[in-house]
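Report on the structure
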Amino acid sequence: MAGGAASGYVMTGSLKGALTGAFSAAAFYGVGSYFQGAMEANKLKEGLEVLENGLTTAQFAGKIAAHAIAGGVMSDLNGGKFGHGFWAAGVTQAAGLKIDGIDGASKFSPARIIAAATLGGTVSKLSGGKFANGAFTAAFSRAFNDELHFNGNKLSWIDDDGKVVKEWAAVSGRPGSTTEDQSVEDYGPIPEGEYVLDANNLQNWSDVLGLDKALAYIGRGPWPGGTSSWGESRVWATPIAGSNTFGRSGFSIHGGSTPGSAGCVDLTINMNSFTQQFNTYFQQNQFQQNILLKVDY
């Protein structure tokens, strides 16, 4: 992932660090996504005993083990020992419920990442490794798990514990279209699958040049229709390999004055709230540049 690669390069100053960062972002993101699915499934099982994080004891143990293994591989790729990264990431994840209590009023807290990094570095040092390597591994294990879910009528922002941070009413597709029309270009809703939103792909109407604004009002230029069609901002969504988009492209999350789109996720008047959440997340989470969007009807 681009954010992981950038963070890896910044923290190590090398191409190897960038590649390790990209791998680590993908690995920890994948682990987080899997267990978020388990949390959602648990909600449907009446009478199931779960911990504060929504997982059963066995599932939480599995999450700790998965993070530990990913941390071990990351440490090995970064020139350290598997065991040092294993313990740094594993212990940090095991202490996750305690770390979540730090700066509890904030959903995205640098203080929690710093706490995780400090704990991971200390564990690595005590196990014979380098503090910096353990801190790096633990920080990544906390930073790459948030994601977005769109189900056809709402867009949900979900944190790494499977908790819904915010939700917005949303639609996709032209009025009258259904999920059966996912393959119909310029009419049906955004196809089911997974997409990546990059912080650098957020665009604001306020940054549009005068000529392009003039073209927008006659349905031309990069913002055809202007704010009535797009709202004050939009962010592009890039399909992940394996997602069947039926040859369609140009997906985004945007606003506008009238519900409906040619295949994007339309938040209408809720786009400003989403943009604020989007910007805050990336400003406060220096290890992240991407967030995953899952579309599932």
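Residues numbered from 1 in each chain as written. Predicted model: local features only at pLDDT ≥ 70, side-chain atom pairs only at ≥ 80, totals over all residues. Heavy atoms only, no water.

1. Section: the packing of aromatic side chains
Going through the model one piece at a time under the given rule, you end up with 14 aromatic pairs. With a centroid separation of 5.2 Å and an interplanar angle of 75°, the aromatic rings of Trp-157 and Tyr-281 are classed as edge-to-face. Of this pair, Trp-157 sits in strand β2 (residues 154-158) while Tyr-281 is found in helix α10 (residues 271-284), placing the two residues 124 residues apart along the sequence. Looking at Tyr-281, the relative accessible area reads 1%, which means it is buried. Connected via pairs of aromatic rings, a cluster forms that spans Trp-157, Trp-168, Phe-274, Phe-278, Tyr-281 and Phe-282. The residue whose ring lies beneath Arg-234 is Trp-223, and the NZ or CZ to ring-centre distance is 3.9 Å. (Phe/Tyr/Trp six-rings, centres within 6.5 Å; stacked < 30°, edge-to-face > 60°. Helix = DSSP H or I, 4+ residues; strand = E, 2+ residues; numbered from the N terminus. Buried < 20%, exposed > 50% of the residue type's maximum accessible area, 1.4 Å probe, protein only. Lys NZ or Arg CZ within 6 Å of the ring centre and 35° of its normal.)

2. Observations regarding α10
End to end, α10 covers 20 Å across 14 residues, agreeing with the expected 20 Å (1.5 Å per residue, within 8%). Those residues of α10 that sit buried are Met-271, Phe-274, Thr-275, Gln-277, Phe-278, Tyr-281 and Phe-282. Each buried residue of α10 lies within a common arc of 165° when the element is viewed along its axis, so the set occupies one face. Exposed and facing more than 90 degrees away from the buried side of α10 are Gln-276 and Gln-283. (Expected span 1.5 Å × (residues − 1). Arc of directions from axis to C-beta.)

3. Describing the pattern of salt bridges
Per the stated rule, a full pass over the model turns up 2 salt bridges. The closest approach of N and O atoms between Glu-147 and Lys-294, which form a salt bridge, is 3.6 Å. Separated by 147 residues along the polypeptide, Glu-147 in strand β1 (residues 147-150) and Lys-294 in strand β9 (residues 290-295) bring together distant segments of the chain. Classification of Glu-147 by relative accessible area gives buried; the value is 0%. Here Lys-154 ties to Glu-167 by a salt bridge, and the two come within 3.3 Å at their closest N and O atoms. Here Lys-154, found in strand β2, pairs with Glu-167, found in strand β3 (residues 164-169); they are 13 residues apart in sequence, far enough to count as distant. What makes Lys-154 partly exposed here is its relative accessible area of 32%. (Salt bridge = Lys/Arg side-chain N within 4 Å of Asp/Glu carboxyl O.)

4. Focus on unusual backbone geometry
Not every positive phi belongs to a glycine, and Asp-186 is a case in point at roughly 60°. Notably, Phe-246 is not glycine yet its phi reads approximately 55°, a positive angle. Looking at the element boundaries, Phe-246 is found in the loop between β6 (233-239) and β7 (252-254). For Phe-246, a relative accessible area of 40% gives the class partly exposed.

5. Some points on the sheet that holds strand β4 (residues 171-172)
Taken in spatial order, the 9 strands make up an open sheet running β3-β2-β1-β9-β5-β6-β7-β8-β4, and their pairing is mixed. Every interior strand has two partners, whereas the edge strands, β3 and β4, have only one. Inspection of the sheet shows β4 paired to strand β8 (residues 265-266) by 2 bridges, in the antiparallel sense. Paired with Ser-172 across the bridge in β8 is Val-265. Contacts between α10 and the sheet are confined to β1, β2, β3, β5 (193-204), β6, β7 and β9, with β5 contributing the most and set at about 90° to the helix. (Pairing = 2+ DSSP bridges. Contact = heavy atoms within 4.5 Å. Axes fitted to C-alpha atoms, helices over the stretch in contact; angles between N-to-C directions.)

6. Quick notes on the nonpolar core
Formed by 26 residues in total, the largest nonpolar core has its most connected members in Leu-155, Leu-197, Ile-253, Phe-274 and Leu-293. Within the residue set of this core, elements represented by two or more residues are β1, β2, β3, β5, β6, α10 and β9. With 5 residues, α10 is the largest single contributor of residues to this core. Apart from the residues within four sequence positions on either side, Leu-293 is in contact with Leu-148, Phe-150, Leu-155, Gly-193, Glu-194, Tyr-195, Leu-197, Ala-237 and Ile-253. In this structure, Val-31, Phe-35, Leu-55 and Phe-60 belong to the second largest nonpolar core, which totals 6 residues. (Core = buried A, V, L, I, M, F, W, Y, C linked by side-chain atoms within 4.5 Å.)

7. Remarks on helix α4 (residues 82-94)
An α-helical turn contains 3.6 residues, so any two residues separated by three or four positions project in the same direction. The terminal C-alpha atoms of α4, which comprises 13 residues, lie 18 Å apart, in line with the 18 Å expected from a rise of 1.5 Å per residue. His-84, Gly-85, Ala-88, Ala-89, Gly-90, Thr-92 and Gln-93 are the residues of α4 that are buried.

8. Brief notes about the packing of helix α3 (residues 57-77) against α4
The description of two packed helices rests on the angle between their axes and on the distance between the axes. Where α3 meets α4, the closest approach of the two axes is 6 Å, and the angle between their N-to-C directions is 145°. Considering how the two elements wind past one another, α3 and α4 form a crossing that is right-handed. Residue-level contacts link Phe-60, Lys-63, Ile-64, His-67, Ala-68, Ile-69, Gly-71, Gly-72, Val-73 and Ser-75 of α3 to Phe-82, His-84, Gly-85, Phe-86, Ala-89, Gly-90, Gln-93 and Ala-94 of α4. Grouping the amino acids of the contact of α3 with α4 by side-chain chemistry returns 9 nonpolar, 8 polar and 1 charged. (Left-handed = near helix turned anticlockwise from the far one by under 90°. Nonpolar A, V, L, I, M, F, W, Y, C, P; charged D, E, K, R; others polar.)

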